[in-house]
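# Coordinate inspection notes
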Amino acid sequence: MQENLSQRERNHRESWNAIHQAAFDLARDGGPGAATVDEIATRAGVSRRTFFNYFPVKEDAVLGTRSAELDPAAVERFHASSEDELTRVVHLFVAVVRTCLPEETAARRRQIIADHPQLRARLAELLAQVERLVHGAVHAEAEQGGLRLPGGGGEHAFEALLMLAGGITKFTFSRYHESASESLDPFISESIAQFRNVVENTR
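To start, this report covers the structure provided alongside it. Since this is a predicted model, take the numbers as computed values, not measurements.

What counts and how
- Residues numbered from 1 in each chain as written.
- Predicted model: local features only at pLDDT ≥ 70, side-chain atom pairs only at ≥ 80, totals over all residues.
- Heavy atoms only, no water.
- Helix = DSSP H or I, 4+ residues; strand = E, 2+ residues; numbered from the N terminus.
- Expected span 1.5 Å × (residues − 1).
- Buried < 20%, exposed > 50% of the residue type's maximum accessible area, 1.4 Å probe, protein only.
- Arc of directions from axis to C-beta.
- Contact = heavy atoms within 4.5 Å.
- Salt bridge = Lys/Arg side-chain N within 4 Å of Asp/Glu carboxyl O.
- Core = buried A, V, L, I, M, F, W, Y, C linked by side-chain atoms within 4.5 Å.
- Polar contact = N/O pair within 3.5 Å; in protein donor to acceptor, adjacent residues only side chain to side chain.
- Axes fitted to C-alpha atoms, helices over the stretch in contact; angles between N-to-C directions.
- Parallel < 35°, antiparallel > 145°, perpendicular 65-115°, else oblique.
- Left-handed = near helix turned anticlockwise from the far one by under 90°.
- Nonpolar A, V, L, I, M, F, W, Y, C, P; charged D, E, K, R; others polar.

The first and last C-alpha atoms of helix α10 (residues 185-200) sit 24 Å apart over 16 residues, in line with the 22 Å expected at 1.5 Å per residue. The set of residues buried in α10 consists of F187, I188, S191 and I192. One side of α10 holds all its buried residues, which, seen down the axis, span an arc of 130 degrees. Tucked inside the fold, the buried residues of α10 contact α6 (85-100) and α9 (155-178).

So this is what it looks like as structure tokens:
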């Protein structure tokens with residue numbers, strides 16, 4: 001499916017890609033320490049100010065990651081979904097994770113993290129952002145009466161749901177990261193099913 005992008009959007013994407021490519025190349029060739037903001041900006045042909053318009057920290061430029069966002073469309077799908085609560089929350093987690101871990105940069109991210117595992121620290125920070133955003137959205141849904149928990153639920157059941165959905169999401173992305181797959185989608189339902197199977201067979 002072709003995207004209908006304005007010239008401004010195309011320019012933004014091209015600049016983002018150029019900065020990411022420069023940062024990745026520098027880190028690949030000389031390690032993350034070689035990928036300073038000044039070196040990245042020079043190689044990409046932009047100013048320091050422009051660099052920070054696109055990336056809050058240099059690690060995002062190296063990894064091809066973005067700050068997590070809560071897309072209103074993802075929240076609307078969460079509200080409208082008729083699936084069970086666990087599946088709904090997992091899909092919301094996945095939607096938010098996708099905003100900060102673009103699939104188009106996944107292969108490079110796998111490569112650079114394999115060579116420089118310390119870069120995982122930035123991923124942990126981004127996943128913490130995801131958790132805060134999702135927890136806020138799910139709390140809002142619960143306050144509006146749109147969340148159904150077994151036996152009437154309660155705060156402990158609510159927190160358990162969030163922790164389980166977050167664990168499934170991390171497991172999903174871990175399996176995806178370890179694979180050579182270009183698409184995350186097949187891993188989502190498989191991971192939910194695996195967790196359900198474990199819970200049902202360890203009671």
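What follows concerns the pattern of salt bridges. Per the stated rule, a full pass over the model turns up 12 salt bridges. A salt bridge links E85 to R88; its shortest N-O distance comes to 2.6 Å. Placement of both E85 and R88 in helix α6 is noted, with a separation of 3 residues, approximately one turn of the helix. With respect to class, E85 is no different from R88; both count as buried. Salt-bridge contacts for R98 lead to D185; the nearest nitrogen and oxygen are separated by 2.6 Å. In this pair, R98 sits in helix α6 while D185 sits in helix α10, placing the two residues 87 residues apart along the sequence. Residue class for R98 comes out partly exposed when judged on its relative accessible area of 29%. Here D185 falls in the partly exposed class, since its relative accessible area comes to 44%.

Further remarks concern the nonpolar core. One finds I40, V89, V90, L92, I112, V130 and V138 to be the most contacted residues of the largest nonpolar core, which totals 52 residues. It is α6 that contributes the most residues to this core, 9 residues altogether. Not counting the four nearest positions on each side in its chain, I112 is found in contact with F24, A27, R28, V62, L63 and L119.

Moving on, we get to the side chain of H116. Its location among the elements puts H116 in the loop between α7 (106-115) and α8 (120-143). Non-local contacts of H116, meaning those with residues more than four positions away in its chain, are made with A27, G31 and P32.

Turning to α8, a few remarks are in order. Compared with the 34 Å implied by 1.5 Å per residue over 24 residues, the 35 Å span of α8 between its first and last C-alpha is a close match. What α8 keeps buried is the set R122, L123, L126, Q129, V130, V134, A137, V138 and E141. Taken together, the buried residues of α8 touch α4 (58-63), α5 (72-80), α6, α7 and α9. One or two steps after α8, the chain reaches G145, where phi turns positive at roughly 80 degrees.

Counting through the fold element by element, D25 comes out in helix α1 (residues 7-30). Take D25: its relative accessible area is 14%, and that puts it in the buried class. Here the side chain of D25 touches Q21 through a polar contact of 2.9 Å, side chain to side chain.

Tracing the sequence through the fold places A41 in helix α2 (residues 37-44). On the basis of relative accessibility, which here comes to 3%, the residue A41 falls in the buried class. Residues contacting A41, with those up to four places away along its chain left out, are V46, S47 and R48.

Bringing the packing of α8 against α9 into the picture now. Remark: α8 packs on α9, axes separated minimally by 11 Å, with the N-to-C direction vectors making an angle of 140 degrees. The angle between the axes of α8 and α9 places the two elements in the oblique class. The interaxial crossing formed by α8 with α9 has right-handed handedness. Residues R120, E131, H135, V138, H139 and A142 of α8 form the contact with α9, whose own contacting residues are E155, F158, E159, L162, K170 and H177. When the residues that make up the contact of α8 with α9 are grouped by side-chain class, the tally is 4 nonpolar, 3 polar and 5 charged.

Without other data, these values stay purely geometric and don't point to any function.
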